Amino acid sequence: MTVNLEVADGVGTIRLDRPPMNALDVATQDRLKELAEEATRREDVRAVVIYGGERVFAAGADIKEMQEMDHTAMVLRARALQDSFTAVARIPKPVVAAITGYALGGGCELALCADFRIAADNAKLGQPEILLGLIPGAGGTQRLPRLVGPSKAKDLIFTGRQVKADEALAIGLVDRVVPAAEVYEQAHAWAARLAQGPAIALRAAKESVDTGLETDIDTGLAVERNWFAGLFATEDRERGMRSFVEEGPGKAKFL
């Protein structure tokens, strides 16, 4: 399989495994969607790490495969391409991308689907599709400007240039830069910490933030209000408030 899901301690690692560069061909895209949906369903998965291995996250689409596709073929494929990445973005649990080496094109777009991005100090990210006479097609023109702002996104998309880890951190494309040998360890630790949290409240928080970014503030506030009130029906809310009153803040243990 070109993508695998391994689960330990509440953390599901979706691992790209298509050497040497984890090129995202059609089969890999479809498998990615399948495993994102599985991670969404599984109760033993409470947080997710997206990882490409020690050397590379994903260097982009399989250009040789794409070269064989004409306009009609891509019209039929483009929605499935986007759907595979959207399935990752819509995992209703905390998701962290552990980025080593190259995260280019579709690889960068996959990282954009995570809630948090930890990059190796040797990582390089970018959207080089313009150099092929194309534009990003797996969400890059939409998710990148929402993350770094339209001006910086246009710089990367218009030029196709690669940015090193330090610049990616400076513009907000990644959230943390660590030594390459520590990327997965730190990503897993971040996910494992959140896997111990209140699952429904984390889902509510993620949906409220993501929906608010995609709509007007009144609609976003309505989503927040409904989730906030709804959480008062959960055992986690009872457990969290009882622990606060009896033991002080930050000591609650959730199921």
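Calculation notes
Residues numbered from 1 in each chain as written. Predicted model: local features only at pLDDT ≥ 70, side-chain atom pairs only at ≥ 80, totals over all residues. Heavy atoms only, no water. Salt bridge = Lys/Arg side-chain N within 4 Å of Asp/Glu carboxyl O. Buried < 20%, exposed > 50% of the residue type's maximum accessible area, 1.4 Å probe, protein only. Helix = DSSP H or I, 4+ residues; strand = E, 2+ residues; numbered from the N terminus. Axes fitted to C-alpha atoms, helices over the stretch in contact; angles between N-to-C directions. Left-handed = near helix turned anticlockwise from the far one by under 90°. Contact = heavy atoms within 4.5 Å. Nonpolar A, V, L, I, M, F, W, Y, C, P; charged D, E, K, R; others polar.

Trainee: Outline the pattern of salt bridges, listing residues and values.
Mentor: Tallying each qualifying case throughout the model produces eleven salt bridges. Close ionic contact of Asp155 with Arg161 constitutes a salt bridge, the shortest N to O distance being 2.8 Å. Classification of Arg161 by relative accessible area gives partly exposed; the value is 29%. Across the pair Arg239 and Glu235 runs a salt bridge whose closest N-O atoms are separated by 2.9 Å. Here Arg239 pairs with Glu235, and both are found in helix 11 (residues 235–247), just four residues apart, close to one helical turn. In this structure Arg239 comes out as partly exposed when scored by relative accessible area, which is 22%. What makes Glu235 partly exposed here is its relative accessible area of 47%.

Trainee: Which residues make up the packing of helix 1 (residues 26–41) against helix 3 (residues 71–89), and what values go with them?
Mentor: In contact at an axis separation of 8 Å, helix 1 and helix 3 are set at 40° when each is read in the N-to-C sense. At the point where helix 1 passes helix 3, the crossing takes the left-handed sense. Note on element contacts: helix 3 touches helix 1 through Arg77, Leu81, Asp83, Ser84, Ala87 and Val88, opposite Val26, Gln29, Asp30, Leu32, Lys33, Ala36 and Glu37. Here the contact of helix 1 with helix 3 is composed, by residue class, of six nonpolar, two polar and five charged.

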